[in-house]
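As a plain string of letters, each chain reads:
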Amino acid sequence: MFNGKHISYWLDSTEMKNYSSLKEEVKVDVAIIGGGIAGITTGFILKK
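Residues numbered from 1 in each chain as written. Predicted model: local features only at pLDDT ≥ 70, side-chain atom pairs only at ≥ 80, totals over all residues. Heavy atoms only, no water.

Visitor: Please provide a residue-by-residue account of the overall build of the protein chain, values included.
Guide: For the protein chain, the helix and strand inventory stands at two helices and zero strands. The buried share of the protein chain, taken over its 48 residues, is 2%. For the protein chain, the accessible surface area stands at approximately 5,400 Å², while carbon and sulfur atoms represent 58% of it. In the protein chain, 6 positive and 5 negative side-chain charges are present, and the distance between their average locations comes to 4 Å. (Helix = DSSP H or I, 4+ residues; strand = E, 2+ residues; numbered from the N terminus. Buried < 20%, exposed > 50% of the residue type's maximum accessible area, 1.4 Å probe, protein only. Areas by Shrake-Rupley, 256 points an atom, 1.4 Å probe, with all protein chains shown as cover. Lys, Arg positive; Asp, Glu negative; His and termini not counted. Charge placed at Lys NZ, Arg CZ, Asp CG, Glu CD.)

Written out as structure tokens, the structure is:
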């Protein structure tokens, strides 16, 4: 906590990204939302 505010290291140390919406329909078998340990592990296991 800094000056009464909670500061996230991850938000404070990176630039904010702004991605545009998809313009076309995309068909997939699996969509992994998130890039934390669960998302990375899921992607790794599915690729194998």
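Visitor: Go over the environment of Leu 11, please, and point to the residues and values.
Guide: Locating Leu 11 in the fold gives a position in helix H1 (residues 9-12). Sequence spacing of Leu 11 and Ile 40 is 29 residues, and the spatial spacing of their C-alpha atoms is 20 Å.

Visitor: Describe a nonpolar patch on the surface, with residues and values.
Guide: Together, Leu 22, Val 26 and Val 28 line one region of the surface with nonpolar side chains, adding up to about 310 Å² of accessible area. For Leu 22, the location among the structural elements is in the loop between H1 and helix H2 (37-47). (Patch = residues over 30% accessible without salt bridge, like charges linked within 9 Å, V, L, I, M, F, W, Y side chains within 5 Å. Salt bridge = Lys/Arg side-chain N within 4 Å of Asp/Glu carboxyl O.)

Visitor: Quick rundown of the environment of Tyr 9? Include the residues and the values.
Guide: With respect to the secondary-structure elements, Tyr 9 resides in helix H1. Spatially, the C-alpha atom of Tyr 9 lies 30 Å from that of Leu 46, the residues being 37 residues apart in sequence.

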